[in-house]
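What follows is the residue order along each chain.
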Amino acid sequence: MGAGNFGGEIVIENNTDRIQSVEIADMDNDNDMDLVYSYKDLNGNSLTFWGENDGNANFTQHTVGNQMGYFIELADTDNDGDKDIISVDTFNETKLFINAK
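Residues numbered from 1 in each chain as written. Predicted model: local features only at pLDDT ≥ 70, side-chain atom pairs only at ≥ 80, totals over all residues. Heavy atoms only, no water.

Draft legend 1. Structural context of the sheet that holds strand S7 (residues 94-97). Across the sheet, which stays open at both edges, the 3 strands sit in the order S5-S6-S7 with antiparallel pairing between neighbours. Lying at the two open borders of the sheet, with one neighbouring strand each, are strand S5 (71-75) and S7. Between one strand axis and the next, the sheet turns through 20 degrees on average, direction left out of account. Alignment of S5 against strand S6 (residues 84-88), held across 5 bridges, turns out to be antiparallel. Within S6, the position partnered with Ala75 by the bridge is Asp84. (Pairing = 2+ DSSP bridges. Helix = DSSP H or I, 4+ residues; strand = E, 2+ residues; numbered from the N terminus. Axes fitted to C-alpha atoms, helices over the stretch in contact; angles between N-to-C directions.)

Listed below in structure tokens is the structure:
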């Protein structure tokens, strides 16, 4: 268990107008925690991404969809052992993104 002492901050994303939702899970089953997040960028584009963690807190951004999820939930909806993304977007549509292996 950690001691509650934190090192310096790591900037993961800084091209945003606002971040709406963030979830943490091992999206690629490599035993490190990845990020799923959605935001509106500085050009007004709404986007949802998953940030692939290389194990050293370096994240590679992968586009999931061209909408900003106001609410994101992660679950294995197809019972294949990996997390899928459920998102309620800016148009109040609920969308499911299946994580393909």
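Draft legend 2. Summary view of the side chain of Ser46. Relative to the helices and strands, Ser46 resides in strand S3 (residues 46-53). The class of Ser46 is buried, set by a relative accessible area of 18%. (Buried < 20%, exposed > 50% of the residue type's maximum accessible area, 1.4 Å probe, protein only.)

Draft legend 3. Quick look at the sheet that holds strand S4 (residues 59-65). Here we have 4 strands laid out as an open sheet, ordered S1-S2-S3-S4, and antiparallel in their pairing. Looking along the sheet, the strands with just one partner apiece sit at the ends: strand S1 (16-25) and S4. Strand-to-strand twist of the sheet, defined as the mean angle between neighbouring strand axes without regard to direction, takes the value 25 degrees. Pairing of strand S2 (residues 34-41) with S3 involves 6 bridges; the strand directions are antiparallel. The partner of Tyr37 across the bridge, within S3, is Phe49.

Draft legend 4. A look at the pattern of salt bridges. Going through the model one piece at a time under the given rule, you end up with 1 salt bridge. Of the charged contacts in the structure, one is a salt bridge between Glu93 and Lys95, with a shortest N-O distance of 3.6 Å. According to the relative accessible area criterion, Lys95 is partly exposed, its value standing at 28%. (Salt bridge = Lys/Arg side-chain N within 4 Å of Asp/Glu carboxyl O.)

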